[in-house]
Amino acid sequence: MTVFSATSPRSARTTARARARTHLVPLALTGVFAASAIVLVAYLLWPTWSTGGTDAPDKLPVSVGGTLFNLPVSAIRMKIQRHSGPQERIDLDFLYPSLDAPSGPTRVTADTVDTAMQPIDRIFLSIAAHHDALSPEQRTATIYPRYLEPSAMTPDDGLTMRPFRGDTPYDGEDLYSASSPALTARCMRDAATPGMCLSERRVGGADLTFRFPRSWLSQWRDVAEAMDKLTARLRGPNG
């Protein structure tokens, strides 16, 4: 006896299409989730793509030593550091006395180069994680006094200068200090090149190191206030 199937060809085709649709649903959902993840990652990482053009952000949120800073992109000196997120160290410079971020590097050609040394018109800043190293205040109070000459001078009203001894690691440097406004700076003496000063302060998990020409100390109050303003500005209103 011959047995015939009760399932018609049309019914078989319908069942096959239903099964195909059932398999397509998980694939479609996976595609939707993947596309959503890509869009989310793109949104979060957008500030790191570019630092030029009209759509680039003016400032980047950067975490150094777990402390958040809001940094102008054009003030960041190294392109590799121009991205948001955690960083071990970041280097910046600002025009002085305006404290504006530079608009870009100065182009020098054979026709415009000047053999005379140009005066420095910028204040340099490095922000680095301190990893619980000795703070700048502790260094000033406990380390520097061991190497200073006993005599002190007052080159300007309210500013005190003490030279370091020649047989110390700070040979050729002087320590400047003032209380109102607060200023502590270790400065190289002028030689073949103009002397530079280094002034440090701790903010959260980061140490801020400012560098500026020693000659600026003739207006030391302006310099001290400029460093205070930059520190407050880079931390932002919630810093």
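This structure is a prediction, so every number in the text was calculated from the model and none was measured.

Conventions and cut-offs
- Residues numbered from 1 in each chain as written.
- Predicted model: local features only at pLDDT ≥ 70, side-chain atom pairs only at ≥ 80, totals over all residues.
- Heavy atoms only, no water.
- Helix = DSSP H or I, 4+ residues; strand = E, 2+ residues; numbered from the N terminus.
- Buried < 20%, exposed > 50% of the residue type's maximum accessible area, 1.4 Å probe, protein only.
- Areas by Shrake-Rupley, 256 points an atom, 1.4 Å probe, with all protein chains shown as cover.
- Pairing = 2+ DSSP bridges.
- Axes fitted to C-alpha atoms, helices over the stretch in contact; angles between N-to-C directions.
- Disulfide = S-S within 2.5 Å.
- Salt bridge = Lys/Arg side-chain N within 4 Å of Asp/Glu carboxyl O.
- Phe/Tyr/Trp six-rings, centres within 6.5 Å; stacked < 30°, edge-to-face > 60°.
- Contact = heavy atoms within 4.5 Å.
- Expected span 1.5 Å × (residues − 1).
- Arc of directions from axis to C-beta.

**Q** Got a sec to walk through the overall build of the protein? Specific residues and values, please.
**A** When helices and strands are tallied, the protein shows three helices and 11 strands. Across the protein, helices and strands are ordered from the amino to the carboxyl terminus as α-β-β-β-β-β-α-β-β-β-β-β-β-α. Each of the 239 residues in the protein was classed as buried or not, and the buried ones make up 33%. Just so you have it, the protein exposes about 15200 Å², and 58% of that area is on carbon and sulfur atoms.

**Q** I'd love a proper account of the sheet that holds strand E1 (residues 59-64), names of residues and values included.
**A** As a general point, the strands of a sheet are linked pairwise by backbone hydrogen bonds and lie either parallel or antiparallel. Spatially, three strands are ordered E2-E1-E3 in an open sheet, and the strand pairing comes out mixed. One side of each edge strand has no neighbouring strand; the edge strands of this open sheet are strand E2 (67-72) and strand E3 (85-87). Averaged over neighbouring strand pairs, the angle between their axes works out to 40° when direction is ignored. As paired strands, E1 and E2 are joined by six bridges and run antiparallel to one another. Considered in E2, the bridge of Val64 is made with Thr67.

**Q** Residue-level account of the state of the cysteines, with values.
**A** Tallied over the full model, the rule gives one disulfide. One disulfide in the model links Cys187 with Cys197; its S-S distance is 2.0 Å. Its S-S torsion of about 110° marks the bond between Cys187 and Cys197 as right-handed, since a negative value means left-handed. Pair noted here: Cys187 is in strand E9 (residues 182-188) and Cys197 is in strand E10 (residues 196-203), with a separation of 10 residues, a long-range link. Cys197 carries the same exposure label as Cys187, and that label is buried.

**Q** How would you summarise the pattern of salt bridges if you had to cite specific residues and measurements?
**A** It is possible for side chains of opposite charge to pair when their charged atoms get near one another. Scanning all chains against the criterion turns up 11 salt bridges. Residue Asp157 pairs with Arg221 through a salt bridge whose shortest N-O separation is 3.9 Å. One end of the pair, Asp157, is in the loop between strand E6 (153-156) and strand E7 (159-163); the other, Arg221, is in helix H3 (residues 220-235), with 64 residues separating them in the sequence. When its relative accessible area of 58% is taken as the criterion, Asp157 is described as exposed. Residues joined by salt bridges that share partners form a network here, namely Asp93, Asp121 and Arg122.

**Q** Which residues make up the packing of aromatic side chains, and what values do they have?
**A** For any pair of aromatic rings, geometry is given as the distance between the ring centres together with the angle between the planes. The tally for this structure, following the rule as stated, stands at six aromatic pairs. Between Tyr96 and Trp216, the ring centres sit 4.2 Å apart and the planes meet at 20°, which makes this aromatic pair stacked. Highlighted residues: Tyr96 in the loop between strand E4 (89-95) and strand E5 (122-129) and Trp216 in the loop between strand E11 (206-213) and H3, separated in sequence by 120 residues. Look at Phe164 and Tyr170: their rings are 4.8 Å apart centre to centre, the planes differ by 35°, and that puts the pair in the tilted class. This pair shows no difference in class: Phe164 is buried, exactly as Tyr170 is. Put simply, the rings of Tyr144, Tyr147, Phe164 and Tyr170 touch in pairs and so form one group of aromatic residues.

**Q** So what about the sheet that holds E4? Which residues, and what values?
**A** Strand order across the open sheet formed by eight strands is E4-E5-E11-E10-E9-E8-E7-E6, with antiparallel pairing between neighbours. Both outer strands of the open sheet, E4 and E6, are each paired with one neighbouring strand and no more. Averaged over all adjacent pairs, the angle separating strand axes in this sheet is 25°, with direction ignored. Relative to E10, E9 is paired through two bridges, and the arrangement is antiparallel. Paired with Cys187 across the strands is Cys197, a residue of E10. Lying over the sheet, helix H2 (residues 136-143) contacts E9, E10 and E11, oriented at roughly 120° with respect to E10.

**Q** Residue-level account of the environment of Ala128, with values.
**A** Relative to the elements of secondary structure, Ala128 occurs in strand E5. Residue classification places Ala128 among the partly exposed positions, given a relative accessible area of 22%.

**Q** Which residues make up H3, and what values do they have?
**A** With 16 residues, H3 should cover 22 Å at 1.5 Å per step; its first-to-last C-alpha distance of 23 Å lies within 8% of that length. Among the residues of H3, those classed as buried are Trp220, Val223, Ala224, Ala226, Met227, Leu230, Thr231 and Leu234. Here the buried residues of H3 occupy an arc of 160° about the axis, which is enough to place them on one side.

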